[in-house]
Every structure is written in C-alpha cells, then in structure tokens.
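# Structural overview
Here is what each chain is made of, one letter per residue.
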Amino acid sequence: MNLMAESTLSRVRRKLDKYEWARKIAAQLDRDGNKFVSTKLELPVGPGEHDQEYYCSDCGAFLYLDPSRPHEHKCVFCGKIFRGAQYDSVWQNRIHTMVSVDARRASYAYLLSPSPELFRALRDYLIFYTKRYKSGFPEQGPEYSRGKVTTTGLTEAMWVLNLLWVYHSIEEGLSPEERNSLRDELFVPVALLLAPQATIIHNIHTWYMSAVGAIGATFGDEALLQTALNGPSGLHAQISEGFYRDGLWYEGAPTYHFFTLYAMLQLIYFAGIDVKTSIPRFSSLFLAPWKIVQPNLVLPALNDCYYGMEPSQWQVISDPDGGWLLSRFAPYYEMAVSLSCDEDLSGVLSALYSGNPANRHSPEALFFGPDELASPAELPLQSIQMEETGYGILRGRDHRGKSIYALLKYGQHGRNHEHFDKMQIILYGNDECVVPDLGTIVYAHSLHRAYYKGSLGHNLIVANEKDQLRAIGQSRYFVPAPFLQLMEAEEDDMTQDAITQNRAVLISDSYIIDFYQIRSPFQNTYDWIHHNKGKLLDSQKFSEGHFFGNQHYDTVFRNRCSFTSTEAWEVRFRTAHGGFRLLMQPDTVPTQVIAAEGPENPASKFIPVIIARRRTSGTVFIALYEFYDQIPVISCFASERLPLDQGWAFSVSTNEFTDRILFSRTYGKNRKQSGGFLVEGKLGVLREYRSGERLLEIVDGQKIELRDPLQVENEKSSFFKMEFVRPTDAVIQLKADGSREILYHQER
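Residues numbered from 1 in each chain as written. Predicted model: local features only at pLDDT ≥ 70, side-chain atom pairs only at ≥ 80, totals over all residues. Heavy atoms only, no water.

### Some thoughts on the overall build of the protein chain
- A tally of helices and strands in the protein chain yields 18 helices and 28 strands.
- Relative to the 2.2 N^0.38 estimate, which gives 27 Å for 748 residues, the radius of gyration of the protein chain is 29 Å and therefore close to what a compact globule would have.
- Principal-axis analysis of the C-alpha atoms places the extent of the protein chain at approximately 100 × 55 × 45 Å.
- Here the protein chain holds 748 residues, and the buried ones make up 62% of them.
- Residue pairs at least 24 apart in sequence account for 63% of intrachain contacts in the protein chain once pairs closer than 6 positions are excluded.
- With an accessible surface of roughly 28300 Å², the protein chain has 49% of that area assigned to carbon and sulfur atoms.
- Taken together, the 76 basic and 90 acidic charged side chains of the protein chain have centroids lying 2 Å from each other. (Helix = DSSP H or I, 4+ residues; strand = E, 2+ residues; numbered from the N terminus. Rg over C-alpha atoms; globule rule 2.2 N^0.38 Å. Buried < 20%, exposed > 50% of the residue type's maximum accessible area, 1.4 Å probe, protein only. Contact = heavy atoms within 4.5 Å. Areas by Shrake-Rupley, 256 points an atom, 1.4 Å probe, with all protein chains shown as cover. Lys, Arg positive; Asp, Glu negative; His and termini not counted. Charge placed at Lys NZ, Arg CZ, Asp CG, Glu CD.)

The structure is reproduced here in structure tokens:
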C-alpha cells in the first residue's frame with residue numbers, strides 16, 4: 001500500500017474541498033506536524049520497565065505519560081504525582097511508542113502539505129533508530145515477548161508499525177541509500193526479532209504477525225509476508241481460530257476484540273488484501289460488538305476490559321489498548337468500511353457519530369473513510385444470544401418507553417483475559433448501566449486478581465468465599481418473546497465443592513425477575529453479590545458494623561453493616577436518572593443481608609454492594625428488579641414453591657395488572673398449576689389487566705389453560721384452553737370481548 005498514491009490523495013483533496021469536518025482534521029494534523037518539527041526531545045537508549053508497572057497505587061489506573069516530564073508521573077483520576085526510578089524507567093520505555101504515534105500523525109500532515117522542515121524531522125526520526133537498532137538497543141523483556149527499543153515484543157510491534165506509516169509517507173523523498181539502510185538496519189531486523197515469537201492464536205501474536213507482514217509487504221519480502229498471512233499464527237489462522245462463529249474474539253473482552261482487529265487492519269492495508277474475497281467474515285467481526293452494545297452505545301466491560309474511560313481520559317492513552325465507549329473505535333470502522341464497502345458497517349459507522357459528520361475527527365476518516373456518512377443504523381433493539389462466546393442479551397422497553405438491557409454471561413473461558421464470573425448479570429435501565437461489570441484495572445495492582453478478575457467483583461454467587469474454577473456454562477433457554485422474555489443457563493463444577501448453578505432471567509415491561517439456584521451435596525456458605533451504582537437509600541434497616549472474619553472480605557469491603565431476615569426484604573437505590581429497587585424472596589434458611597461499599601473503577605472510587613448470605617447445601621435466590629422515576633409501581637411480589645416439585649409460582653402486581661408466572665428448572669413437558677392457571681411446559685405467564693384483557697405466554701410447552709378458580713379440579717370449568725402438537729413458544733391475547741389473537745408462535 002502506498003499512501004502517496006494519487007488515487008488516495010485525490011480523494012483526500014476532494015474531501016478537503018467539500019467538507020468542513022475534513023478541513024478541521026487537516027488543520028489539527030497541520031498543528032501536529034508543526035509541533036513535531038519544533039519539539040526537541042532526546043529519545044533515550046537503553047532498557048526500561050514494563051508499562052504494567054506504571055500505575056497509581058490508589059486508583060489502579062495507568063499514569064499519564066508527559067513527554068516533557070520524565071520524572072513526574074501523574075494519575076489522571078486522583079491527580080497524585082509519582083516519582084522514582086521505577087516510574088522513570090517505564091517512561092523511558094513508553095516514550096518511544098508515544099512519540100511514534102506523534103510521528104505517524106505528523107506524517108499525515110506531510111502528505112497534506114509537504115514541507116522540507118517536516119520531511120527532515122520525519123527522516124531524522126527514522127534514521128535515529130536505523131543507526132542504533134542493531135547495536136544501540138539491548139534486547140530486553142521476558143523470554144516469551146522480546147523487544148529492543150521497547151520492553152516487549154508487543155510494544156515493539158506497535159512502535160514499528162507506526163514507523164512504517166511514516167516511511168510510506170516520506171518514501172518518495174528518500175534516497176535509494178536511505179531506503180536500503182532503513183530496510184536492512186531497522187525494519188527487517190525488527191521483523192526477524194518478532195517472527196519467531198509468533199507461535200499461538202493470541203492478540204499479542206496478531207500484532208507480531210501484523211508487523212512482520214507489513215514489513216514484508218513494504219520491502220517485497222515474500223517469505224515474511226506469507227508467514228504473516230498464512231503461517232500457523234498468521235492472519236488467516238488468527239481469524240479462523242481466534243474469532244468465534246458469532247464474531248467475537250475468544251478472549252471475551254471488547255477492548256481486546258478491537259485491539260486484535262486494529263493489528264489486523266494494518267496488515268490488511270499494507271498487504272493490499274481484498275477482504276471481500278479473502279476474508280468473507282471480515283464485516284461480521286465489526287458487527288459483533290454492535291450486537292452486544294448497551295443502549296447508550298457503551299460496550300459492557302466484560303473480562304479484562306478497561307472500564308469507565310471518558311474521551312478526555314483517552315487522550316492520554318498512546319495506543320489502542322482499551323476503552324468501552326464504542327465511538328472510541330470509530331477510526332477502525334472508518335478503515336473497515338473503506339475495505340469492505342459493507343452497507344451494515346456503513347450504518348454502524350454513521351451511528352457512532354450520531355449521523356453528524358462534524359463528529360468525525362480522526363485521520364482515518366480523512367484518508368480512508370467514506371466521503372459521506374450513510375444513514376445511521378438503528379440501535380440494536382432485538383434480544384440476541386452470542387451462543388458460542390456465551391453471552392445472552394435481552395433487550396426491551398419498559399412501560400415508560402425507556403430501554404432495558406440484561407446480559408447473562410455463561411459460556412467459554414477466555415483464557416488469560418477471562419474473569420471468574422460465570423452466571424453473572426449486567427443490568428441497564430433508566431439510561432445507564434446500573435448493575436455493571438467493573439471491568440479491569442492495571443494488571444500489576446493487587447486488586448486486579450483478588451477482586452476485579454476474581455468472582456467477588458461480579459454480580460453472582462460466591463461459594464465458600466472462593467473464586468470459581470475455569471468452567472464453561474451452557475445455555476438452556478433463550479426466548480425473546482414479545483411479552484415476557486426468558487434466558488437461562490447453567491454451569492457444573494463451579495468450585496471443587498461439587499457445586500452446580502443455574503440462573504434464569506425474565507424481563508417484562510415493568511420488572512426483571514432473577515431466579516438463581518445453586519446446589520451441592522454438602523453444606524456451603526453462599527454469598528449472592530450485587531454491585532449497584534448510585535446511593536443506597538435503605539441504610540437505616542442495617543445494624544451497625546459487620547465483620548466477615550475473612551481478611552480479604554474485610555479488607556475489600558468498607559462501611560459494612562447487616563441484618564438477618566427470614567422474610568422477604570428489599571433495598572432501594574437512587575441512581576443518576578431515577579430509582580432502582582431490589583426485592584428478594586425468602587428461603588427456608590435465614591438470610592444475612594450485608595450492605596457495604598466495594599471498589600468501583602478506578603479502585604479509589606466505591607460502589608454500593610449488597611451481599612445476601614445463606615448457609616445450606618442448596619438454595620434459590622429469587623429477586624425482582626424495578627427501574628422507576630420517583631415512586632415504584634410494583635405493589636406486590638410473591639413466590640411459592642409448587643407441590644410435587646412442579647416448580648415455582650410468582651405473582652407480581654401493579655395498580656394496572658397482576659402477572660402470574662409458573663416456572664420450573666426442568667426442561668420440556670412439566671405440568672404446573674396455581675389456582676385456575678395451568679400449563680404443561682417450561683414457563684407459563686398470565687397477565688390479567690384490570691380492564692379484563694388477558695395475555696398468556698407458554699415456553700417449551702404443549703398446553704395452557706384457564707379454569708374457574710373456584711373449581712380448579714373440574715376440567716369442565718375451563719374457559720380457555722390451547723394445546724399444541726409439538727413443544728411451542730407462544731403468546732396469546734385474550735381480549736375483553738372474548739376474542740383471541742396469537743401474537744407470537746414458534747415451534748421448538
């Protein structure tokens with residue numbers, strides 16, 4: 001690929017002539033180029049420390065690297081300044097990557113407005129490394145990831161790819177001797193260092209191969225290029241083996257998904273690959289994150305995903321290694337759209353800018369993206385199951401018209417970047433993620449493994465105060481019906497204590513029911529853990545103080561207090577945009593309810609945590625969640641275990657309707673009856689409006705029936721019955737005038 005190609009530059013000039021957004025990008029790049037010329041920074045030569053050591057001990061966040069302050073290192077969250085040799089050494093390592101980003105932006109400026117001063121600055125920058133790479137920089141880093149200019153092979157690959165963009169921008173102005181020297185003394189030696197390190201399917205190894213292949217393509221080294229494209233850990237192997245069929249990267253973290261894609265994008269561009277013919281799955285890899293995005297266009301912070309970064313804070317990140325605001329990755333979508341010409345991707349790209357071209361601000365938009373934005377894609381409204389990855393997502397709108405989103409995580413283990421959090425849930429309502437996954441902090445921080453990566457930092461059950469094992473759960477039901485939606489999953493071998501767990505989430509237009517069963521042959525301590533943004537409003541019901549007796553719990557959670565209950569209980573929270581209510585049903589054993597504050601993210605912030613503790617061999621935690629404005633609308637929530645192990649009956653009432661729900665954990669045909677409501681199947685729902693209208697739903701069933709409540713054993717008292725030949729999911733409307741309509745029907 002040649003950035004100086006006339007076809008590329010003519011498109012850029014056309015954009016500059018027609019669009020104000022393009023001229024603003026060009027003006028910023030011009031300022032970047034002038035700054036690169038005027039900045040006299042003496043680049044260090046010598047070993048440095050890994051950037052995972054460059055963090056705030058209070059917040060667990062990376063420090064801000066200021067190129068002009070090699071001995072002052074600031075936390076962007078709390079403002080604390082760190083000093084010392086260990087921080088200076090990381091600065092010495094990261095400064096090379098950071099300046100390479102500046103050089104790349106300056107090279108774009110050179111393409112727009114070539115000047116002798118900028119050419120010399122960029123050429124001298126490349127020659128600085130050419131003269132020193134072989135002998136001036138010692139090889140460093142762990143055995144599995146070796147660098148020279150930087151401390152690891154990963155950062156070496158990222159650094160050299162930026163240098164390649166610079167090389168392509170000024171290539172025509174270099175002498176043959178300079179080109180040969182850059183090839184033989186810098187770029188090819190980097191490729192020879194990285195190529196043997198690429199051995200597995202992994203995000204880091206994708207970066208190795210991207211750098212190797214880009215160097216091979218640039219300098220006509222077919223052996224390097226073919227290794228990077230078709231080798232055992234090359235591009236095509238990484239795509240076919242690293243991405244699940246649902247389009248998500250196997251490590252399960254949205255930021256690592258994009259981190260890997262960005263490496264691939266660069267190799268694809270340098271190698272001139274036609275993705276439409278060579279990579280048929282290409283567009284699906286960019287559409288997959290769109291499918292799981294929350295209604296506010298924020299990606300859930302799953303696994304080792306960096307959490308809560310605002311755009312202003314991303315200004316200090318010098319490489320694309322995290323962040324869950326989907327628009328953060330708009331530059332990648334600009335490149336992807338230009339490669340694929342995919343209409344769906346074009347709509348997503350436009351949606352990331354809210355359909356407003358004035359929001360386009362990246363060099364990628366100017367050099368690679370389409371001239372004009374397509375019509376914005378509508379936000380995902382349909383529930384979806386990423387079955388191979390193991391994410392079930394239910395979407396809907398509540399009775400106020402506001403979006404509801406629930407994610408249940410159950411599936412594959414994402415290896416090194418996985419968290420021990422099978423069966424955890426994330427809940428979104430009232431225009432924010434109220435029950436979040438807290439993502440990750442810097443890996444070297446003690447709380448990373450002990451809390452954020454461990455089970456304790458998630459919304460799930462912790463058994464015997466121990467993390468889960470590396471287990472794989474499986475989906476049992478996923479029913480996106482138009483009335484009550486259901487998803488259910490289970491996992492065996494949760495810990496070494498022969499514990500299995502099953503969780504079902506049901507969403508209606510007024511509430512969410514969470515049915516979470518855990519069982520074992522032995523007595524265990526089960527902690528149902530719930531992290532909730534906002535302020536706990538019911539603190540007066542908790543007694544003063546609580547001591548777990550577990551040093552880790554007592555260290556992680558502060559302001560602990562508790563009460564013990566054998567009855568149903570509830571707590572409420574005031575969130576940024578309304579209220580959130582949690583109602584919990586009792587079990588046969590007492591529940592110790594503990595309120596505390598746990599680390600949010602950054603770790604210096606805290607979030608309310610509710611822990612419901614029970615000591616038994618098996619139990620069911622049945623909770624109802626309600627989002628509301630000022631006053632809750634649900635007046636009653638009750639549960640009943642049905643006789644003969646038929647399952648459970650739930651009742652939910654408002655001043656407009658009463659819902660009766662018959663539910664069992666078993667699968668297939670199972671007779672359940674409560675009052676005059678009878679169903680043979682997995683789930684039955686009856687909504688009775690005060691107006692006389694009724695809605696009924698059956699899941700994986702063959703019979704649903706209504707009888708006179710006073711004559712429930714008399715089959716002749718039935719006034720509605722519907723039977724199906726095969727197990728079926730269906731929703732039926734019974735109107736006040738006696739007519740009926742099937743709103744949804746799906747045979748299993």
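We are not done yet, so read on.
### Looking at the pattern of salt bridges
- Scanning all chains against the criterion turns up 48 salt bridges.
- In this structure, Arg 748 and Asp 700 form a salt bridge, with 4.0 Å as the shortest nitrogen-oxygen distance. Of the two residues, Arg 748 sits in the segment after β28 (740-747) while Asp 700 sits in strand β26 (residues 694-707), which places them 48 residues apart along the sequence.
- Within the structure, one salt-bridge network assembled from shared partners comprises Asp 398, Arg 400, Lys 402, Asp 431 and Asp 629. (Salt bridge = Lys/Arg side-chain N within 4 Å of Asp/Glu carboxyl O.)

### Focus: the packing of aromatic side chains
- Taken as a whole, this structure holds 44 aromatic pairs when the rule is applied.
- Centre to centre, the rings of Tyr 262 and Tyr 332 are 4.5 Å apart; their planes meet at 10°, and the pair counts as stacked. Placement of the pair is Tyr 262 in helix α10 (residues 254-271) and Tyr 332 in helix α14 (residues 330-340), with a sequence separation of 70 residues. Of the two residues, Tyr 262 and Tyr 332, neither departs from the other in class, the shared state being buried.
- Joined through ring pairs, the aromatic side chains of Trp 207, Tyr 256, Phe 258, Phe 259, Tyr 262, Phe 282, Phe 286, Phe 329, Tyr 332 and Tyr 333 make up one cluster.
- Lying over the aromatic face of Trp 21, Arg 360 brings its terminal NZ or CZ to 4.1 Å of the ring centre. (Phe/Tyr/Trp six-rings, centres within 6.5 Å; stacked < 30°, edge-to-face > 60°. Lys NZ or Arg CZ within 6 Å of the ring centre and 35° of its normal.)

### Some details on the sheet that holds strand β3 (residues 81-82)
- Read across the sheet, three strands follow the order β1-β2-β3 without closing on themselves; strand pairing throughout is antiparallel. The open sheet terminates on both sides in strands that have one partner only, identified here as β1 (63-64) and β3.
- Inspection of the sheet shows strand β2 (residues 73-75) paired to β3 by two bridges, in the antiparallel sense. Paired with Lys 74 across the bridge in β3 is Ile 81. (Pairing = 2+ DSSP bridges.)

### With respect to helix α6 (residues 176-194)
- Taking 1.5 Å of rise per residue, 19 residues should cover 27 Å, and α6 covers 26 Å from first to last C-alpha, within 8% of that figure.
- When α6 is considered as a whole, its buried residues turn out to be Leu 182, Leu 186, Phe 187, Val 188, Pro 189, Val 190, Ala 191, Leu 193 and Leu 194.
- Tucked into the core, α6 has its buried residues touching α4 (116-132), α5 (153-170), α7 (203-219) and α8 (222-230). (Expected span 1.5 Å × (residues − 1).)

### Side note on the packing of α7 against α10
- The contact between α7 and α10 brings their axes to 8 Å, and the two run at 10°. Between α7 and α10, the interaxial angle falls into the category roughly parallel. In contact with Asn 203, Thr 206, Trp 207, Met 209, Ser 210, Gly 213, Ala 214, Ala 217 and Thr 218 of α7, α10 contributes Tyr 256, Phe 259, Thr 260, Tyr 262, Ala 263, Met 264, Gln 266, Leu 267, Phe 270 and Ala 271.
- Here the contact of α7 with α10 is composed, by residue class, of twelve nonpolar, seven polar and no charged. (Axes fitted to C-alpha atoms, helices over the stretch in contact; angles between N-to-C directions. Parallel < 35°, antiparallel > 145°, perpendicular 65-115°, else oblique. Nonpolar A, V, L, I, M, F, W, Y, C, P; charged D, E, K, R; others polar.)

### Some words on the pairing of strand β10 (residues 474-479)
- Judged from the five bridges that link them, β10 and strand β11 (residues 485-491) form a sheet pairing that is antiparallel. Bridge pairing in β11 links Phe 478 to Met 487.

### Quick notes on unusual backbone geometry
- A cis geometry characterises the amide bond from Asn 601 onward to Pro 602, with omega recorded as 10°.
- The phi torsion at Asn 303 lies on the positive side, around 55°, for a residue other than glycine.
- Structurally, Asn 303 can be placed in the loop between α12 (282-292) and α13 (311-314).
- With relative accessibility at 0%, the residue Asn 303 sits in the buried group.

### Examining the packing of helix α1 (residues 6-18) against helix α2 (residues 20-38)
- Following both chains from N to C, one finds α1 and α2 inclined at 110°, their axes separated by 6 Å at the closest point. The angle between α1 and α2 places the two elements in the roughly perpendicular class. You can see that α1 and α2 cross each other, and the crossing is left-handed. For the pair α1 and α2, the contacting residues are Lys 15, Leu 16, Asp 17 and Lys 18 in the first and Glu 20, Trp 21, Ala 22, Arg 23 and Ala 26 in the second. (Left-handed = near helix turned anticlockwise from the far one by under 90°.)

### As for the sheet that holds strand β5 (residues 391-397)
- Reading across from one edge, β4-β5-β6-β7-β8 is the order of the five strands in this open sheet, with antiparallel pairing throughout. Two strands close off the open sheet at either side, each with one partner strand: β4 (384-386) and β8 (432-435). Going across the sheet, the axis of each strand differs from the next one's by a mean of 20°, ignoring polarity.
- Taken strand by strand, α12 contacts β4, β5 and β6 (403-409), and its axis lies near 55° from that of β5.

### Things to note about the environment of Arg 707
- Take Arg 707: it is sitting in strand β26.
- Arg 707 sits in the buried class, given a relative accessible area of 5%.
- The sequence separation of Arg 707 and Asp 51 amounts to 656 residues, and the corresponding C-alpha distance is 68 Å.

### Here's the deal with the confidence of the model for the protein chain
- In this model, the protein chain carries an average pLDDT of 92, and 96% of its residues clear a pLDDT of 70 or more.
- Segment residues 309-323: pLDDT under 50, and 33 contacts once partners within four positions in sequence are set aside and those in other chains are kept. (pLDDT = per-residue confidence, 0-100.)

### Digging into the environment of Lys 682
- With respect to the helices and strands, the residue Lys 682 is situated in the loop between β24 (677-680) and β25 (683-689).
- In this structure Lys 682 comes out as buried when scored by relative accessible area, which is 0%.
- When the C-alpha atoms of Lys 682 and Lys 672 are compared, they prove to be 8.9 Å apart, with ten residues separating the residues in sequence.
- A distance of 2.5 Å separates polar atoms of two side chains, one belonging to Lys 682 and the other to Glu 488. (Polar contact = N/O pair within 3.5 Å; in protein donor to acceptor, adjacent residues only side chain to side chain.)

### Some thoughts on the pairing of β5
- Among the seven residues that make up β5, five are buried, leaving the element largely enclosed by the rest of the structure.
- Examined bridge by bridge, β4 and β5 share three bridges and lie antiparallel to one another. If you follow Ile 384 over to β5, its bridge partner there is Ile 393.
- Pairing between β5 and β6: seven bridges, direction antiparallel. What sits directly across from Gly 396, in β6, is Ile 404.

### Regarding the state of the cysteines
- This model, assessed by the stated rule, comprises zero disulfides.
- Here Cys 78 is not cross-linked by a disulfide; its sulfur's nearest cysteine counterpart is in Cys 75, at 3.7 Å.
- Relative accessible area serves as the criterion here: at 39%, Cys 78 is assigned to the partly exposed category. (Disulfide = S-S within 2.5 Å.)

### Quick notes on the side chain of Ser 562
- Mapped onto the fold, Ser 562 is located in strand β15 (residues 558-565).
- Here Ser 562 is in contact with Phe 542, Ser 543, Gly 545, His 546, Gln 592, Val 593 and Ile 594, once residues within four sequence places are set aside.

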